[in-house]
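# Results of the structural survey
The residues making up each chain are set out below.
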Amino acid sequence: MYYATSAYILYSTLWFLIFISLHMGLEQLTPSSKINPELNCKWHFAKQLGGRDDGPNDPMSENFKRTPYASLIRESIQNSLDAVDDDSIPVRMSFRIKKLSPRNFPNLFGLDTHLDGCIRYFPQADENYKPMLHFLRKARDARDLYYIQVSDFNTTGMRYSPNDRESAFYGFVRAAGVSNKTSDTAGGSFGFGKAAYFYISPIRTILVSTLTDSGKYYFEGVASLCTHFNINDEKCVSVGYYDNNDGMPVDNPEDIPARFRRDEIGTDINIMGVEISSSSDKEDIYKEMVISVLQNFWLSIYHGKLDVVVGELEITEANIVDLVEQYFPDIHDTSRKKEYFNPRPYLEAVRFAGQDKNHRIYNETLPTLGEVWFYAYKNRDASARVAYLRSPRMMVDCKQQPSANGFYGVFFCENQEGDKILRRIENPAHDQWMPSNWKDERGKTNRIGRNGFREIKEFLIRCIEKLFERSNQETLNIRGLDQYLYIPTAIEDDDDDYMSEALVSNPTGSFKDEGASITTDGKQVDIPESSGHESIGKVLVNSVQTGIPDSKGSLLSGPGRRRGSNGSGVGAGKINRRNIPVESDGTPGTYASEIPVSYRSFAQKKNGIIVHNIIIHSDYEVKNGRIDLLVGTDQSDEVELNIVSANVGTVEGNSISGLHIVEGKNPAISIRFADDLPHSIKLDAYEIK
């Protein structure tokens, strides 16, 4: 009887263990992680004994709300490309939607008490935190929590040391506003990129697991909330950690939950919580990711530096062209917003570089930036846009160029020192280069960054000039095409220094592969002394009004509006054709009254370069004036065109400031436009006080 009872107990125990194993989907009965998948990990939010409170609203979220998955793609791939292990083979990225069972990770769902505490501490947090709390509890009831696993391979992993604030794992998991990239040219230098991960998660939670190239394992979860009460009504800090090491990263691989333990060098970032109610939801997320990969990393993939897996789709050097053509069937980039950017024509520029006269490649070594490249694809229907990329081969920006010719271009700097400079003038969103982003110790724009930025502009001008080399014909004045090219004028009694022999030509209606888009017959005739006509511009003179301005006044600052803006005022130094001052409603402020001026313009060729001359006649003296120049082309009635140089004043973009306009006739202002073509000119003048 004793043996039968013992056998029954042993038999029952064995079947119980088998049942537990099968129920949890585990292959073995040991180790303990198979029975306890969470391995006793739990949340650790330290008590806040003093210091400032962190509120429930985070302005950083606005950078990622509109295109969350595209932001994730940009930030995560950039981070991994900055940590490449062997640069002779591609970095491999994987983006997959997975799910876990809440019954296996009950402590993870204990975050709900802290979310509830956020609402109790900040009543105004109700709007943001109630949906988070609802999502977490709904997932627990549904017994499924979907999450996105972002994995990289052929990277070094994230090194960590408890006392080393320079380590990558510390910078990413345990610090805010800190970037601890190992490379001087690392893209995420502002330390804000990790926000892209948190703002995808509806519970603001990520779990990070890494295996370094030295064989070290690290794991920890982190939730970024706000100052709140815990379940005991004790005030807690905003950031909490999920681990089984008393609030410190887990470094023993046996103590890392098996689901999140890396088995290959690299890093997994698990973004906890994704709204998935149908298979189409998953497909929509994957599609946004694929499009972002193609838009931002087409060059990295095409050059064999990156492979990306999104769901089950692999994007590699072998199929990047086919995928770009599939997702972007239009050969032209007509997008006005970056999220709609079409990479196809820029890929074409690189793909066919040097193969024919319409696909060119230019290479120079610049004094500050070092070796740079420009790939150009000539197409008369193109929108004259240039994509800008640096070392990780991620697209930083794409800008319309001030050119009347059609082309697509790709600027690329891979030089290590030049890349450091471009990184310093890059904004936190990594989508723009501006010298003002790099300040020296005095708060001034750094000279090196300013020089590098100027070198890019000058390099592009040289490339575009070569791309559209003009023939030796001296065609300058084309009668009857004022609205397309420029206003032909005579100088009358102006100095002979501003006169040149001119040609008058008739349009043939055909197009040339080289030079201006509209060709002429090049027939030479003399310009009569009275030829041309006078145009009317204007000067705006500021005056401070404390009451209702006169009927001609226009509000320039204070609580005014500007056309197409969001309600902010316009300062006198920031007027341009998109910031048109509006009529005042009587509010006190600084106003401008218009003073008309007459001007004439003509073009001449000096040493093979097209120079435009503008002669202003004014009835008033303007001591500190500014003029904005708009030009007419065959593609647009009114275009801003960058000015390369002027014989007076200070040039910035399409403006010349610091001008002294005298009463009567003024000496000619000689300027050179970026595209080296003749144009009609519209002039707006302002006086800055």
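Please read all numbers here as calculations on a predicted model, not as lab measurements.

End to end, helix H3 (residues 68-81) covers 20 Å across 14 residues, agreeing with the expected 20 Å (1.5 Å per residue, within 8%). With 14 of 14 residues buried, H3 is to be regarded as a mostly interior element.

In the structure shown here, the tally under the stated rule is 20 aromatic pairs. Aromatic side chains Phe172 and Tyr197 sit 5.3 Å apart centroid to centroid with 85° between the ring planes, which places their arrangement in the edge-to-face category. Of this pair, Phe172 sits in helix H6 (residues 168-173) while Tyr197 sits in helix H7 (residues 195-198), placing them 25 residues apart in sequence. Aromatic pair Tyr377 and Tyr408: ring centres 6.2 Å apart, planes at 35°, arrangement tilted.

Within the fold, Leu369 resides in the loop between strand S12 (359-366) and strand S13 (370-378). Expressed as a C-alpha distance, the spacing of Leu369 and Glu414, which sit 45 residues apart in the sequence, is 9.2 Å. Discounting residues that sit within four places of it in the chain, Leu369 has contacts with Cys413, Asn415, Gly418, Ile421, Leu422, Gly452, Glu455 and Ile456.

Let's shift gears to unusual backbone geometry. A positive phi is found at Leu39, a non-glycine position, where the angle reads about 50°. Note that Leu39 resides in the loop between helix H1 (2-24) and strand S1 (42-44). Although it is not a glycine, Asn154 sits at a positive phi angle of roughly 60°. Residue classification places Asn154 among the buried residues on the basis of a relative accessible area of 13%.

As defined by bridge partners, strand S2 (residues 91-100) adjoins strand S10 (residues 306-310) across 5 bridges and the pair is classed as parallel. Bridge pairing in S10 places Phe95 opposite Val310. Here S2 runs beside strand S3 (residues 145-153); their pairing, made up of 9 bridges, is antiparallel. The partner of Arg96 across the bridge, within S3, is Gln149.

Cut-offs applied
- Residues numbered from 1 in each chain as written.
- Predicted model: local features only at pLDDT ≥ 70, side-chain atom pairs only at ≥ 80, totals over all residues.
- Heavy atoms only, no water.
- Helix = DSSP H or I, 4+ residues; strand = E, 2+ residues; numbered from the N terminus.
- Expected span 1.5 Å × (residues − 1).
- Buried < 20%, exposed > 50% of the residue type's maximum accessible area, 1.4 Å probe, protein only.
- Phe/Tyr/Trp six-rings, centres within 6.5 Å; stacked < 30°, edge-to-face > 60°.
- Contact = heavy atoms within 4.5 Å.
- Pairing = 2+ DSSP bridges.

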